[in-house]
Amino acid sequence: MSTADERASSWTFLTHHARVLVEIARNPDIRLRDIATGIGITERAVQNIVRDLHEGGYLNRDRVGRRNRYSLNLDQHFRYPTEAGLPISLLIDMFTQHDLSGDRKPDELSPDRP
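Residues numbered from 1 in each chain as written. Predicted model: local features only at pLDDT ≥ 70, side-chain atom pairs only at ≥ 80, totals over all residues. Heavy atoms only, no water.

Draft legend 1. Representation of the overall build of the chain within the structure. Check the secondary structure of the chain and you find five helices and two strands. The 114 residues of the chain split such that 23% are buried. Looking at the chain alone, contacts between residues at least 24 apart form 35% of all its contacts between residues at least 6 apart. For the chain, the accessible surface area stands at approximately 8300 Å², while carbon and sulfur atoms represent 51% of it. (Helix = DSSP H or I, 4+ residues; strand = E, 2+ residues; numbered from the N terminus. Buried < 20%, exposed > 50% of the residue type's maximum accessible area, 1.4 Å probe, protein only. Contact = heavy atoms within 4.5 Å. Areas by Shrake-Rupley, 256 points an atom, 1.4 Å probe, with all protein chains shown as cover.)

Right under this line is the structure:
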């Protein structure tokens, strides 16, 4: 792989915090181990991120038997000043709508279309 290829693949638009949040939105009963495997970080990193999100008021944890069930507080706003007026539900909706769309094209996902 060339240096340009390495640079191009070394960054992403979504942070690990955003990816963990999306994975929990997709499956509220998901195990932290499965999140870690799915997004390519350590389980310890996922634990720390879930703690951050919980302390920040973005998610709640409920114990169900030996497992945790997570729920998101979708009305919480983004933390960065330029997006602070926007709820995280916009991000979650974008990715869960993507999950439901299957093979639909982006122009077929507009609210005007059936």
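Draft legend 2. Structural view of the nonpolar core. Counting residues in hydrophobic clusters, the biggest one holds 23 residues, and the most contacted among them are V20, I24, I35, V46 and V50. Elements represented by at least two residues in this core include exactly helix 2 (16-26), helix 3 (32-39), helix 4 (43-55), strand 2 (67-72) and helix 5 (89-101). (Core = buried A, V, L, I, M, F, W, Y, C linked by side-chain atoms within 4.5 Å.)

Draft legend 3. View of the packing of aromatic side chains. Applying the stated criterion across every chain, the model contains one aromatic pair. On the basis of an interplanar angle of 75° and a centroid distance of 4.9 Å, the ring pair of W11 and F13 is categorised as edge-to-face. Across this residue pair, the class does not change: W11 and F13 are exposed. (Phe/Tyr/Trp six-rings, centres within 6.5 Å; stacked < 30°, edge-to-face > 60°.)

Draft legend 4. Here's a closer look at the confidence of the model for the chain. Looking at the chain as a whole, its pLDDT mean stands at 86, while 78% of the residues score no less than 70. Per-element confidence in the chain ranges from a low mean pLDDT of 62 for helix 1 (residues 3-9) to a high of 98 for helix 4. Throughout residues 106-114 the model reports pLDDT below 50, and contacts reaching past four residues in sequence, or to other chains, amount to six contacts. (pLDDT = per-residue confidence, 0-100.)

Draft legend 5. The arrangement of the pattern of salt bridges in detail. Applying the stated rule across the entire model yields six salt bridges. Its salt-bridge partner being D34, residue R31 comes within 3.0 Å of it at the nearest N-O pair. Residue R31 is classed as partly exposed on the basis of its relative accessible area, which comes to 35%. Judged by its relative accessible area of 35%, D34 falls in the partly exposed class. A salt bridge links E43 to R33; the nearest nitrogen and oxygen atoms lie 3.8 Å apart. (Salt bridge = Lys/Arg side-chain N within 4 Å of Asp/Glu carboxyl O.)

Draft legend 6. Up close: the pairing of strand 1 (residues 59-64). Note that strand 1 and strand 2 share six bridges and pair antiparallel. If you follow R61 over to strand 2, its bridge partner there is Y70. With antiparallel pairing between neighbouring strands as the criterion, strand 1 and strand 2 make up a hairpin whose turn holds two residues, including G65 at a positive phi of roughly 65°. (Pairing = 2+ DSSP bridges.)

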